[in-house]
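One-letter residues, chain by chain:
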Amino acid sequence: MSGTSAIASRLRAWAPSVVLAAGVLAIWAVFSWPLAAHVTDGIASSSHNRETGAVRRMIPGDHLQLLYTYWLAGDMIAGRTPWFHNLYEFNTGDDGECFRVHAQYAPFSWIFAATSAVAGRAAGMNLAGLVSLWLTAWLTMRLARRYAEGDALAVLAGWLAILLPFRWIMLLGGSPMGHAITWVPLLLLGVDIVVRDLRAAGGFLAGLGLLFASWGDSHVLFFGVFACAGWVVVAIVARGGWPWRERRAWMALLRAAGAALVSLVPALVMLAFTVVRLRGTTAGVPRDLSEIALFSPHLSGLFRWGAGGVDSHLYLGWIPSAIATLGLAGWIAGRPRSPEAWRRLAVFLLLLAATAAVIVLATGPHGPHGGVVWRAARKLVPPYQAIRQPAKVLCLLPTLAAVGLVAGLSAWTGLRRRPAAGAAAGALLALAVAAEMKAQIHATICTLDHRQGAYQAVAALARADGVDPRVLVLPLWPGDSAYGSVYLHYASLYRVRMASGYSPAVRPSYIEGFFERFKDFNHGGIPDASLDALLGRGIRAILFHEDLFPEKVSPFPAGRTLEALRRHPRLRVLAQDGRVWAFGILAPGAARADAGAVEAYADPWPPARRSEIERAAPRVTAVDDSSCSRGSYGALEREGDGFVLPRVPPHAEPGAAWWMRVRGDGELSIAWSPGDGEDGPRAVVRVDSGSAWTWLRVPPPDEVRDRDRVTLSASWASGRVGADVALFAAAGPLSMKPGESRSFPAATFFRAGHTAPGGAVVFDPERDPADRVFYGPFRPLAPGRYRAALEFDTPAAAGEAPGSFAVEGVDATPAPVAAGRAAEVEFVQVADTPFVASFTFSRTAPVTVQRLVLLRLE
């Protein structure tokens, strides 16, 4: 009987942990769905699905960057990459410059390494996330058990700690904080054990929490330290005060401090390395208030159902608030009589206050009275000024709210006297909270590629020659674009050393010494001297991602850069695998004989630098006019009126100039500025078209043609001038006679997808988003009646429409892009505004777009 009783006792002791784990698994499966269906081939990329379908292949984002970091840790452990060397990004030729001391987000990267070696990268990443959730819930349960009445409330606290949307936004979005939040309850549990139990083990736990936080996320470390100080107050109140005169208590603190040092010393070492690494980088400078405001939620996000953007981070919800109210009502109804009851009430109120303080700090400059509390914190704690996202303080919210809520529910002592009722009540409350929180979370899954032929070709060629593969990947970014995360994943498959990368902390030496020198490659400016410089660094190949090419990187579409690469006499095509091209750099003096035979697709190229002048700074008066490109124009009629157009590389395309649609009788003063406060050439242009709109060509003067970038500023000089829209292009308005047609190859448009022979573009439902994936050509078009036809192929079934074709800015119905029928739109061009046609993809079937044909009917 004694043996049976012991087994039963042990089972009862383990029951809360088993129930907790089962609940965690269910919560993970439901909140991250459909991740459970892709556990071995996909990872989460976002907590908010904004497109048709919740699964897409190789979505750029922080999740791929985190995956790369975990892979790098595993590669170091396996001995395939030297310890503390991040060789595969921002490597401009010297491996020694890639040394950096970084914990690679251990211990979760260790879990990834062990799992991925057996089950693959996706499985490793997903298991690391699941373990972080379970550990968070278990540690929170252990902490809550010290403040709650009964196991049921402690288990409820564990579940509540992983239900708030902020945790899922961080976890599913690929932020390191998504895993590192785990250490907040460990920190507080350690402090609680030290203060209330006077045990040195608590110091060790708190030190371990600080160590893991320093390895995982600097925000968790920063805010966790202050949370520890605050929890000392909570723990002292819970134990009924501090025994100031008892030597035993002070000796216990000393022993706890000694135990904490075991873990704290390496944490401080890691913190020192982090500070040194971030010093002088883009992440180590105080943040401008206007930038911070963009990343600060509003208080309305607390209860706004389905809030988007950063406001969704703050969502606390109605049911948790109701639970807090229920707890407060319980204490009021119960009328605490004993000192212990008063202490429990004080703890509950302290945790409510702490939760409120975290929420107020999270709103940053959007907080009450202009963010007065947040501003005071920044003044009192100078390192706070380097934090760009005030919402990161919400890493404390799950633990504080979970323990606070169950501390409030402890007022209902009837739950303790009836365990079954308590368990049922806890389960119902958890289900209610879970239902509300799940309604805020809609996961997007990124399935992973396990090979990429262009990267593989570069790696194979280099290793066959006995050298390490080194590449420049285009588009080239200064390290701040999530598109670079796709590069990281492919580079890791073949251990290709990239001169590109993606990091929140980029050294100015990289931006100034490498990016600025080679950024013109983005728009096809590839001089031989730059190729020689790459070869001098050991970089013998260029990789080009034609689908990761937003308008920001070049004045023209991806096709312009691809054409320049393919037609360059010192670049030879090594491979094309889908949307990635590989080019080998030939030695000085060598040249391809067939470079000139590569087909040229467009003349001129559609402009990416466009400006609606009525919206351009610094000052114009917007006037409504239905004949304008966006229904209004900017009026310049007095001193001080003017506008500034985007910076452009004046040498990007022969004959490129600013084309401005203007009217009126007056003069504009034009100034060209090369930047850095330097004055450039000036001129006065005359507008004398009266009430008729006309296109005015303003070319960059010869004095600035060789400059890196120039900015055109226009200001009122005399008379009255109206300015509608400006385009930086090599050609002006397109004039066609009735019966005349014009063909535009698909490869010349702004688009996603990948190029096929003949200038066609292929859109893949596995990879391309359900979005406007093809648009252009932004060519001013003379008034008249036209028919625009999209020529395409699709294997879609009859009647199925994998997209729609539209002419924008005109009164015409979009045409379905469906198998067996033409996609044509007839429209009337009222004014000579830019002509824009677009294809919106629905992802129901592949589509290959060959060209757009424009026919003038009359």
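Residues numbered from 1 in each chain as written. Predicted model: local features only at pLDDT ≥ 70, side-chain atom pairs only at ≥ 80, totals over all residues. Heavy atoms only, no water.

Caption draft 1: Molecular detail of helix 5 (residues 151-160). Judged by how many residues are buried, helix 5 sits mostly within the fold: eight of 10 residues are covered. Looking at helix 5, one finds that the buried residues are Leu-153, Ala-154, Val-155, Leu-156, Ala-157, Gly-158, Trp-159 and Leu-160. (Buried < 20%, exposed > 50% of the residue type's maximum accessible area, 1.4 Å probe, protein only. Helix = DSSP H or I, 4+ residues; strand = E, 2+ residues; numbered from the N terminus.)

Caption draft 2: Here's a closer look at the pairing of strand 21 (residues 772-780). Among the nine residues in strand 21, eight count as buried, and that is most of the element. Bridge analysis of strand 18 (residues 750-751) against strand 21 gives two bridges, and the strand direction is antiparallel. Looking across to strand 21, one finds that Phe-750 is bridged to Tyr-775. Judged from the seven bridges that link them, strand 21 and strand 26 (residues 834-841) form a sheet pairing that is antiparallel. Among the inter-strand pairings, Phe-774 is bridged to a residue of strand 26, identified as Phe-839. (Pairing = 2+ DSSP bridges.)

Caption draft 3: Structural view of the nonpolar core. By size, the foremost hydrophobic cluster in this structure holds 180 residues, and its most contacted members are Trp-231, Leu-472 and Ile-542. Residue contributions to this core peak at 11 residues, all from helix 4 (residues 121-144). (Core = buried A, V, L, I, M, F, W, Y, C linked by side-chain atoms within 4.5 Å.)

Caption draft 4: Looking closely at the environment of Ile-319. Counting through the fold element by element, Ile-319 comes out in helix 13 (residues 318-334). Linking Ile-319 and Ala-356, residues 37 residues apart in sequence, is a C-alpha distance of 16 Å. The residues touching Ile-319, leaving out its near neighbours within four places in the chain, are Ala-432, Val-433 and Glu-436. (Contact = heavy atoms within 4.5 Å.)

Caption draft 5: Just the packing of helix 8 (residues 183-197) against helix 9 (residues 200-216), in detail. Where helix 8 meets helix 9, the closest approach of the two axes is 7 Å, and the angle between their N-to-C directions is 155 degrees. Taken as axis vectors, helix 8 and helix 9 run roughly antiparallel relative to one another. Crossing geometry of helix 8 relative to helix 9 is assigned as left-handed. Contacts between helix 8 and helix 9 involve Trp-183, Leu-186, Leu-187, Gly-190, Val-191, Ile-193 and Val-194 from the former and Gly-202, Gly-203, Leu-205, Ala-206, Leu-208, Gly-209, Leu-210, Phe-212 and Ala-213 from the latter. Classifying every residue of the contact of helix 8 with helix 9 gives 12 nonpolar, four polar and no charged. (Axes fitted to C-alpha atoms, helices over the stretch in contact; angles between N-to-C directions. Parallel < 35°, antiparallel > 145°, perpendicular 65-115°, else oblique. Left-handed = near helix turned anticlockwise from the far one by under 90°. Nonpolar A, V, L, I, M, F, W, Y, C, P; charged D, E, K, R; others polar.)

Caption draft 6: Summary view of the sheet that holds strand 4 (residues 470-474). Taken in spatial order, the five strands of this open sheet run 5-4-6-8-7, and their pairing is mixed. Two strands bound the open sheet, and with one partner strand each, they are strand 5 (497-498) and strand 7 (571-577). Summarising the sheet, strand 4 and strand 6 (residues 541-545) pair through four bridges and their orientation is parallel. Residue pairing across strands places Leu-474 opposite Phe-544, the latter belonging to strand 6.

Caption draft 7: Region of interest: a nonpolar patch on the surface. Residues Leu-328, Ile-332, Leu-349 and Leu-352 make up a contiguous nonpolar surface patch of roughly 330 Å² in combined accessible area. Contributing elements (two or more residues each) for the nonpolar patch: helix 13 and helix 14 (339-362). Mapped onto the elements of the fold, Ile-332 is located in helix 13. Residue class for Ile-332 comes out exposed when judged on its relative accessible area of 59%. (Patch = residues over 30% accessible without salt bridge, like charges linked within 9 Å, V, L, I, M, F, W, Y side chains within 5 Å. Areas by Shrake-Rupley, 256 points an atom, 1.4 Å probe, with all protein chains shown as cover. Salt bridge = Lys/Arg side-chain N within 4 Å of Asp/Glu carboxyl O.)

Caption draft 8: Just the environment of Ala-161, in detail. Topologically, Ala-161 is positioned in the loop between helix 5 and helix 6 (165-172). When the C-alpha atoms of Ala-161 and Ser-673 are compared, they prove to be 55 Å apart, with 512 residues separating the residues in sequence. When residues no more than four places from it in sequence are discounted, the contact partners of Ala-161 are Thr-136, Thr-140, Pro-398 and Ala-402.

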